[in-house]
Amino acid sequence: MRIQAGFRKERIDRGIKARTDDIFAIASCREILYLVGPRFLLIAALLIFPLLKSITGIYWQNVLMITATIALLALSWDLLHSVGLVSLGQALFFGAGAYATGYLNSKFGWSPVLAIPAATLLGALFSTALLYPVLRLRGIYFGLITFAVPMLLMRIIEATKILGGTEGISGLTPLPGITITLYIIIAVTLVCVYGYQRLFETDYGLVFKAIRDNDRSVIAAGFNIQLFKAQAVFLAALPATFAGAFLTHHYQFVGLPAFAMDYSVLPMASVIIGGPGSFIGAMLGAFIVVPLSEFLRTFGTLRIVIYSLVLLVFVVGLPQGLFHYLKRKYDQFERLVPIEEVEK
Amino acid sequence: MTSSVLIFGLVNSAILMLTALGFSLIFGLSGVANLAHGAIYLSSGYVAWIFLNSLGLPYFLAVPLTIVAAGLLGAAIYWLVIMRVRGLGLSEVIATFAVGVAILEFFRWMGFVTYEFNLPVLIKGSLDISGVSVDYQRLVIVGVGILMAALLWLFAHHTKIGLALRGMAQDEYTALSLGIDSDWAAALSMALGSAIAALAAVVTLPLGIISINLGYEVLIMALAVTVLGGLESITGLVVGALLLGFARTVTGTYFDPKWMEVVYLIALVLVLAVKPSGLFGKYKELEERV
Amino acid sequence: MSQDTIIKVAGLSKNFGGVKAVNGVSFELKRGEALGIIGPNGSGKSTMINLITGFVKPSSGKVFYNGRDITGLSPDKIVNLGIARSFQMAKPFYNMPVYKNLIIPLFSPRARKLAGGRHGDRDESAIHLLEEVGFERDSHIPYKPAGSLPHGYVKRLELARCLALEPDVIILDELFSGMSMSEVAGILPFLERLRDEGKTLIMVEHRLRELFRVVDKAICLNFGEKIAEGAPEEVVQNEEVKKSYLGSEVVSGA
Ligand SMILES: Nc1ncnc2c1ncn2[C@@H]1O[C@H](COP(=O)(O)OP(=O)(O)O)[C@@H](O)[C@H]1O
Ligand SMILES: [Mg+2]
């Protein structure tokens, strides 16, 4: 006699997913919609939101601005993570870009059109050069250094009074109206997601992934991984330094808060919640993390406690992140199948 | 001047070492980088304060109780959080960090932020050592520091349980096959490390007032000391603490106190850039075995 | 040094703390020769390979490749000069499909230089290489995540990784360990062919019978020192070699 011993979950790929792992063999409008629908929805939502200023109010437009900033930092974090470098100090990149543009704008009077791209590049070069000597470090050691470096720079600026010291540099050239500003940063974010995703489909991007899996074998294939990691840091720094430079002109001010821990912790939280490795997950995470922190403002100082607990629940309960979870639900059926056991 | 640098350098080193000891122990014995360390340290301070002031317990009852409570807290954090993400390096780090922040910010929300929160010293008064006046509490700190380092070294190298734990951290599979329960061992080391953090809090906190930000600072200091000396080695810990302690004291005396924080960060970056496994770390060599 | 000496090791030593892992070892290898390195566990064979390939820096001694001093060169530079190696503890790139594992060496500076910019389809080359080391072409195995491969396959993937670099010298560290009898039997003819095609081979092995079908010369290490050198049959007959193996494996010479 057979007895039933319980249930197990069975996951089956949806038909279209099973057929389209690599090549798209599209048979109907429904399948097209299935494939491009989510992307389309995402982009449409992003493009419409800046137009709703009269409904949302300027406050939430500003929140979107910060969300996009954190999303850029999160993308940067995700790229580093894909190479096996865990950064606890995204603020380094942010601050480097912020101070670079602040200096160029205030000292030489460069307009933001010139100063922001220049600061993006300069900031990325500066951070890469700074981190180059410690790229050999792995795991917690690298994390610690990145954690220490922004604090170090902060203390140095404080003590030497360069770049405006504790006062910072104010009176920088503002950006055009909020709607255009938002469109620019959203466009950059989308380009960055797309660009990173494409990068990882190339053979060159594959080397990054390989370094994370097993750096020894990458060396044995004749790659100078130090140099590759440096390239990864540079590529990862770009969106982050851009975010720093851009937000600096938005606030028309740069100062020590550019190295604040928020810029290190929030991006990391975003990727952890959204799910590392896909870049979309990082962006999605930022769109949860930042608005959530705004909603929690009503809790006053308890906010950070709740916040940490939410993060904890995600890390413990959904270690692979929200995006991978949603993707699985979208791409696969799930059903319970009884497990039968033969009675002896 | 020189004798004061010598004395206060020693005191500062002892403080650094004591605050780092618990963290280093947990990492050495179970491989968990416990970023809730600062929070455990600080909450021990508050718990001791509550025992002493709200419950009116005598000092020599409050202190052991605090240490036990911290040990339980550490074990609880292990069973409730770390165990579920064990081995997922990044999740482990973030989970413990989140726990730490939650605890610290909880105390902030509770209003533990004013000047009334300080702990009493063990012995009042001060001593004159070659023209430098040192209060007894600072001497107590140095004494406890030396004692704890010695005890831990003996524990890790000469007791059965210590050796078992160390074996665990170095080679989990082999240890498992020898019948050592990894979760039990890790929970125990979390409890032990947290208890030591509480002891450090009780002896070092009387030097100032208890403030939330101290929790974050202690974490950073503990990380700096341990990483500088090389994780998992007690010799490294002592050397790291001495190096940073004296570096800070010398900068504070001869240069400008505002460079004190910069010095240890620079020391950290330099040492790791030159020797990635810290001054006494063997990790790298083992890992690179092919 | 004669014209066709490809690798020369002179007085190579490495200390790890107090342990003399390799102690004053010298030997020469001619182009197209196949050398077997034998010795009990912990005798310094893997360290020897790490020293030649630059993964470990020697405490003293020198390594020459084609007459050029390559001591202290970084491992990636040495690979690009044409010395490929496998690892005893082979680890694939776990999160990639098996064939993508080979894209890494196929994309390496050396492979790209040899291809001269016209590399064709790397995926196709990868599948082809896998086939050569005994992966079934039309099975699903090349497309599975490498993390799910059985150990014998990982070892063969490791060999394919070396071949993808089109090296002049191939160094294999215990390729056969973890492979089944039939897997070893399947890969042997391939190694023999490599030798016959004129590749220089260095193999560390414990399975002597199979090793001796490939190599034409052997050295034996014990406690980091070279205790015997010569034709394989002579080496296993050497009294000292026999003694060194006592208590570990039985010498199963040809
Ligand atoms: N990275 C390392 N750090 C410390 N000791 C090592 C390292 N690599 C090897 N050893 C030691 O060197 C000796 C030789 O090891 P190895 O070359 O792996 O031997 P084999 O490959 O012949 O088994 C052993 O005693 C081993 O413990
Ligand atoms: Mg070996």
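Keep in mind that what you see is a predicted model, and the values were worked out from it rather than measured.

Rules used throughout
Residues numbered from 1 in each chain as written. Chains lettered and ligands numbered in written order. Predicted model: local features only at pLDDT ≥ 70, side-chain atom pairs only at ≥ 80, totals over all residues. Heavy atoms only, no water. Helix = DSSP H or I, 4+ residues; strand = E, 2+ residues; numbered from the N terminus. Contact = heavy atoms within 4.5 Å. Lys, Arg positive; Asp, Glu negative; His and termini not counted. Charge placed at Lys NZ, Arg CZ, Asp CG, Glu CD. Donors = N, O, S within 2.8 Å, 3.2 Å for Na, K, Ca; no water. Expected span 1.5 Å × (residues − 1). Bend = angle between axes of the 7 residues up to and from the residue. Pairing = 2+ DSSP bridges. Axes fitted to C-alpha atoms, helices over the stretch in contact; angles between N-to-C directions. Parallel < 35°, antiparallel > 145°, perpendicular 65-115°, else oblique. Left-handed = near helix turned anticlockwise from the far one by under 90°. Nonpolar A, V, L, I, M, F, W, Y, C, P; charged D, E, K, R; others polar. Buried < 20%, exposed > 50% of the residue type's maximum accessible area, 1.4 Å probe, protein only. Core = buried A, V, L, I, M, F, W, Y, C linked by side-chain atoms within 4.5 Å. Domains from an automatic or database assignment. pLDDT = per-residue confidence, 0-100. Buried area = accessible area lost by both parts, 1.4 Å probe.

## Remarks on the overall build of chain A
Within chain A, the regular secondary structure consists of 13 helices and 4 strands. Pairs at least 24 residues apart make up 78% of the contacts formed inside chain A by residues separated by at least 6 positions. When the 27 positive and 19 negative side-chain charges of chain A are each reduced to one mean point, those points stand 3 Å apart.

## Re the coordination of the magnesium ion (ligand 2)
Coordination of the magnesium ion (ligand 2) by the protein comes from C:Ser46 (OG) and C:Gln88 (OE1), over a distance range of 2.0 Å. Taken as a pair, C:Ser46 in helix H1 (residues 45–53) and C:Gln88 in the loop between strand S6 (83–85) and helix H3 (98–101) lie far apart in primary sequence, 42 residues in all.

## Considerations on helix H3 (residues 59–85) of chain B
All names here are of chain B. Here H3 is 27 residues long and its end C-alpha atoms lie 38 Å apart, about the 39 Å a rise of 1.5 Å per residue gives. Along H3, the helix axis deviates most sharply at Trp79, where the bend reaches about 40°. Positive backbone phi, approximately 90°, marks Gly87, located one or two places after H3.

## Some words on the sheet that holds strand S5 (residues 68–69) of chain C
All names here are of chain C. Read across the open sheet, the 4 strands follow the order S2-S1-S4-S5; overall the sheet is antiparallel. Edge strands, defined here as strands with exactly one partner in the open sheet, are strand S2 (19–30) and S5. Where strand S1 (residues 5–16) meets strand S4 (residues 60–65), 5 bridges bridge the pair, whose relative direction is antiparallel. By the bridge assignment for S4, Ile7 is matched with Tyr65. The sheet contacts of H1 involve S1, S2 and S4, and relative to S1 the element is tilted by about 120°.

## Some words on the packing of helix H1 (residues 2–30) of chain B against helix H5 (residues 136–158) of chain B
Residue and element names in this part refer to chain B. Two numbers describe how H1 lies on H5: the axes approach to 9 Å, and their chain directions differ by 30°. Comparing their axes, H5 and H1 come out roughly parallel. At the point where H1 passes H5, the crossing takes the left-handed sense. Here H1 contributes Phe8, Leu10, Val11, Ala14, Ile15, Met17, Leu18, Leu21, Leu25 and Leu29 to the contact with H5, which in turn contributes Arg138, Ile141, Val142, Val144, Gly145, Met148, Ala149, Leu152 and Phe155. Within the contact of H1 with H5, the residues separate by chemical class into 17 nonpolar, 1 polar and 1 charged.

## Some words on unusual backbone geometry
Residues and elements named next belong to chain A. The backbone phi angle of Leu163 is positive, close to 50°, even though this residue is not glycine. The residue Leu163 is located in the loop between helix H6 (139–160) and strand S2 (169–170) in this model. One non-glycine residue with positive phi stands out, namely Phe279, at about 70°. Checked against the element boundaries, Phe279 lands in the loop between helix H10 (262–274) and helix H11 (280–295). A relative accessible area of 3% means that Phe279 is categorised as buried.

## A look at the nonpolar core
Burial of nonpolar side chains together is a common tendency in soluble globular proteins. Counting 261 residues, the largest nonpolar core has C:Ile104, C:Phe135, C:Leu159, C:Leu172, C:Phe176 and C:Leu191 as its most contacted members. Per-element tally for this core: the top contributor is H1(B), with 14 residues. Two domains share this core, each providing at least three of its residues, namely domain 1 (1–75 + 171–178 + 195–249) and domain 2 (83–167) of chain C. Beyond its immediate chain neighbours, meaning those up to four positions away, C:Leu159 contacts C:Val133, C:Leu172, C:Leu175, C:Ile187, C:Phe190 and C:Leu191. Core analysis: the second largest hydrophobic core is formed by 27 residues, C:Ile52, C:Tyr65, C:Ile83 and C:Ile171 among them.

## Some thoughts on the confidence of the model for chain C
Confidence along chain C averages 88 in pLDDT terms, with 94% of residues attaining 70 or more. Here the predicted complex scores 0.87 on pTM and 0.90 on ipTM.

## Some details on the side chain of B:Ser24
Residue and element names in this part refer to chain B. Relative to the helices and strands, Ser24 resides in helix H1. Under the relative-accessibility criterion, Ser24 is labelled buried at 6%. Every residue in contact with Ser24, bar those within four places of it in the chain, is listed here: Thr226 and Leu237.

## A short note on the domain arrangement of chain C
Residue and element names in this part refer to chain C. Per the domain assignment, the segments making up chain C are domain 1 (1–75 + 171–178 + 195–249) and domain 2 (83–167). Residue-level contacts link 16 residues of domain 1 with 13 residues of domain 2. Between domain 1 and domain 2, the buried area comes to about 1300 Å², and carbon and sulfur atoms account for 57% of it. Contact with domain 2 buries area across many residues of domain 1, yet Ile171, Asp173 and Leu175 alone supply 34% of it, more than any other trio.

## Points about the sheet that holds S6(C)
Residue and element names in this part refer to chain C. Ordered by their spatial adjacency, 6 strands build an open sheet running S6-S7-S8-S3-S9-S10, and the pairing between neighbours is mixed. With one partner strand each, in any of the chains shown, S6 and strand S10 (225–230) form the two edges of the open sheet. Across the sheet, the mean angle from the axis of one strand to that of its neighbour is 15°, orientation sign disregarded. Pairing between strand S9 (residues 217–222) and S10: 5 bridges, direction antiparallel. Looking at S10, one finds that Cys220 is bridged to Ala228. The strands touched by H1 within the sheet are strand S3 (34–38), S6, strand S7 (169–173), strand S8 (200–204) and S9, with S7 carrying the most contacts at an inclination of about 150°.

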